[in-house]
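Residues per chain are reported as follows:
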Amino acid sequence: MDIIKELNQEIMESREIPAFRAGDNITVYYKITEGEKTRIQAFKGNVIQRKSTGFTSTVTVRKMSGSVGVERIFPLYSPNIDKIEVNRRGKVRRARLFYLRDLKGKSARIKERRI
Amino acid sequence: MKGIIGKKLGMTSIFKEDGSNVVCTVVHAGPCVVTQVKTQDTDGYSAVQLGFDDKKEKNVSKAMLGHFSKAGTTPKRKVVEFRDFDLDVNPGDTITADIFEEGQYVDVIGTSKGKGFQGVVKRHGFGGVGMKTHGQHNRLRAPGSIGMSSTPSRVMKGMRMAGRTGGDRVKMLDLRIIKVLPEKNIIYVSGAIPGHKGGYVLIVD
């Protein structure tokens, strides 16, 4: 396993990923290729889970699009991720916030964590 | 045929240039030493015997020690014969991962993980019997009927039943090689391959 870690180390070090955790509000700038053109799309939402460690780790971001909840899973070390911005840190008591799926409106808010 | 002995290191994934993610297994392949070359004239068939992974000299029988010293190499843990080898090799030669190239399709042979004594649902993919409710109990993962009545009044040979599962030699066909790192003796094969981490595998084409 250590050899695999070593092999991925180089790529992992070349990427800059800010520290964030479940409950934080982030914006993921994702490269989208349409035919020849490449444009960058921003996806802003709350982190509801961080999964796996190392090179294969992913992050699930949930946002409300109108009244419909939208979730996207991003592989953190994907070359398609242009950058990740942390907008707001959240105060939560769980690592995986799936309970947010059942909540709406005011109750689905996450308190801000002051450092 | 070309082949190399390797060790399964584990699984990871790789991002291709177009951004798609490919799951792959990392294999520590080679360097293997040719320990013997069998020819039509001397042995009745042509084959190449490869050795991989060093072994302590004190753990090797004298007979094997003589065999390895004949090829001029240190004792090896895994010795495998490959029939009808394509490459022209002599005893003592080294075969490295660079005999394979990126994008090539290969077969990978390994010993699958042993599962112990398992029922027919896991072992042969049976569906089990009926439903959970409606008066039924304790038959959920049962094999069901295993044959007919008074004719033939025996169970047919080869009837699939519960038993030891896994630990078999399994050959995965046509797996693509995603990446080769010859200086590190590493080969990335797409998808999963049989066996546990640290298990020996053969990569052939």
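In this text, all values refer to a predicted model and were calculated from it rather than measured experimentally. (Residues numbered from 1 in each chain as written. Chains lettered and ligands numbered in written order. Predicted model: local features only at pLDDT ≥ 70, side-chain atom pairs only at ≥ 80, totals over all residues. Heavy atoms only, no water.)

A. The arrangement of the overall build of chain B in detail. Counting secondary structure elements, chain B contains three helices and 12 strands. For chain B, the C-alpha radius of gyration of 23 Å lies well beyond 17 Å, the compact-globule estimate for 205 residues. Long-range pairs, those at least 24 residues apart, make up 68% of the contacts in chain B with a sequence separation of at least 6. Each charge class in chain B can be summarised by its mean position, and for the 31 positive and 20 negative side chains these summaries are 17 Å apart. (Helix = DSSP H or I, 4+ residues; strand = E, 2+ residues; numbered from the N terminus. Rg over C-alpha atoms; globule rule 2.2 N^0.38 Å. Contact = heavy atoms within 4.5 Å. Lys, Arg positive; Asp, Glu negative; His and termini not counted. Charge placed at Lys NZ, Arg CZ, Asp CG, Glu CD.)

B. Representation of the packing of aromatic side chains within the structure. Residues and elements named next belong to chain A. Evaluated as defined, the whole model comprises six aromatic pairs over all chains. Judged by centre distance (5.9 Å) and plane angle (25°), the ring pair of Phe55 and Tyr77 falls under stacked. With Phe55 in the loop between strand E2 (37-51) and strand E3 (58-65) and Tyr77 in the loop between strand E4 (68-75) and strand E5 (81-88), this residue pair connects regions lying 22 residues apart in the sequence. Put simply, the rings of Tyr30, Phe43 and Phe74 touch in pairs and so form one group of aromatic residues. Seen from the ring of Tyr30, Arg72 lies directly overhead, with NZ or CZ sitting 5.0 Å from the centre. (Phe/Tyr/Trp six-rings, centres within 6.5 Å; stacked < 30°, edge-to-face > 60°. Lys NZ or Arg CZ within 6 Å of the ring centre and 35° of its normal.)

C. Quick look at the sheet that holds E3(A). All names here are of chain A. Strand order in the open sheet formed by five strands is E4-E3-E2-E1-E5, and the pairing between neighbours is antiparallel. Each of the sheet's edge strands pairs with one partner strand only, and the pair in question is E4 and E5. In this sheet, adjacent strand axes meet at a mean angle of 40° when their direction is disregarded. As judged from the eight bridges shared by E3 and E4, these two strands associate in the antiparallel manner. (Pairing = 2+ DSSP bridges. Axes fitted to C-alpha atoms, helices over the stretch in contact; angles between N-to-C directions.)

D. Inspection of unusual backbone geometry at higher detail. Backbone torsion omega between B:Thr151 and B:Pro152 reads 0°, so that peptide bond is classified as cis. Tracing the chain through its elements places B:Pro152 in the loop between helix H3 (120-124) and strand E9 (163-165).

E. Structural view of the nonpolar core. Residues and elements named next belong to chain B. Grouped together as the largest cluster of nonpolar side chains are 30 residues, with contacts concentrated most on Leu50, Ile187 and Ile203. Among the elements that line this core, the one with the most residues is strand E12 (residues 200-204), at four residues. When residues no more than four places from it in sequence are discounted, the contact partners of Ile203 are Lys2, Gly3, Ile4, Val27, Ala29, Phe100, Val106, Asp107, Val108 and Ile187. (Core = buried A, V, L, I, M, F, W, Y, C linked by side-chain atoms within 4.5 Å. Buried < 20%, exposed > 50% of the residue type's maximum accessible area, 1.4 Å probe, protein only.)

F. Highlighting a nonpolar patch on the surface. On the surface, a cluster of nonpolar side chains totalling about 480 Å² of accessible area is made up of B:Ile146, B:Met148, B:Val155, B:Met156, B:Met159 and B:Met161. Take B:Ile146: it is sitting in the loop between H3 and E9. (Patch = residues over 30% accessible without salt bridge, like charges linked within 9 Å, V, L, I, M, F, W, Y side chains within 5 Å. Areas by Shrake-Rupley, 256 points an atom, 1.4 Å probe, with all protein chains shown as cover. Salt bridge = Lys/Arg side-chain N within 4 Å of Asp/Glu carboxyl O.)

G. Spatial organisation of the sheet that holds strand E5 (residues 76-83) of chain B. All names here are of chain B. The strand order across the open sheet formed by four strands is E5-E4-E3-E6, and the pairing between neighbours is antiparallel. The open sheet is flanked by E5 and strand E6 (94-95), the only strands paired with a single partner. Sheet analysis places strand E4 (residues 47-54) next to E5, joined by seven bridges and oriented antiparallel. Bridging across to E5, Phe52 finds its partner in Lys78. Contacts between helix H2 (residues 62-70) and the sheet are confined to strand E3 (32-38), E4 and E5, with E3 contributing the most and set at about 95° to the helix.

H. Up close: the pairing of strand E2 (residues 21-29) of chain B. Residues and elements named next belong to chain B. The pairing of strand E1 (residues 3-15) with E2 spans nine bridges and is antiparallel. Its bridge partner lying in E2, Gly10 is registered against Val26. Hairpin geometry of E1 and E2 is characterised by an intervening segment of five residues between the two adjacent antiparallel strands and by a positive phi of about 95° at Gly19. Summarising the sheet, E2 and strand E11 (residues 186-190) pair through five bridges and their orientation is antiparallel. Each bridged residue has a counterpart across the sheet, and for Cys24 the counterpart in E11 is Ser190.

I. Structural context of the side chain of B:Lys76. Residue and element names in this part refer to chain B. Examined against the element boundaries, Lys76 turns out to sit in strand E5. In this structure Lys76 comes out as buried when scored by relative accessible area, which is 10%. Within the structure, the side chain of Lys76 is placed 2.8 Å from the side chain of Asp54, a separation counted as a polar contact. Polar side-chain contacts of Lys76 include one of 3.4 Å to the side chain of Thr74. (Polar contact = N/O pair within 3.5 Å; in protein donor to acceptor, adjacent residues only side chain to side chain.)

J. Quick look at the interface of chain B and chain A. Tallying the contact residues gives 16 residues for chain B and 12 residues for chain A. When the two sides are added together, the surface that chain B and chain A hide from each other amounts to roughly 1000 Å², 70% of it contributed by carbon and sulfur. For the pair chain B and chain A, the interface holds zero salt bridges. If you look at where chain B meets chain A, you find one residue pair in polar contact (both at pLDDT 80 or more). (Buried area = accessible area lost by both parts, 1.4 Å probe.)

K. View of the environment of B:Phe82. Residue and element names in this part refer to chain B. Relative to the assigned elements, Phe82 resides in strand E5. Once the C-alpha coordinates of Phe82 and Val33 are considered, the two residues, 49 residues apart in sequence, prove to be 13 Å apart. Each residue touching Phe82, except ones within four places of it in the same chain, is listed here: Met1, Gly3, Ile4, Ile5, Ala47, Val48, Leu50, Leu202 and Val204.

Treat this as a map of the structure, not an account of what it does.
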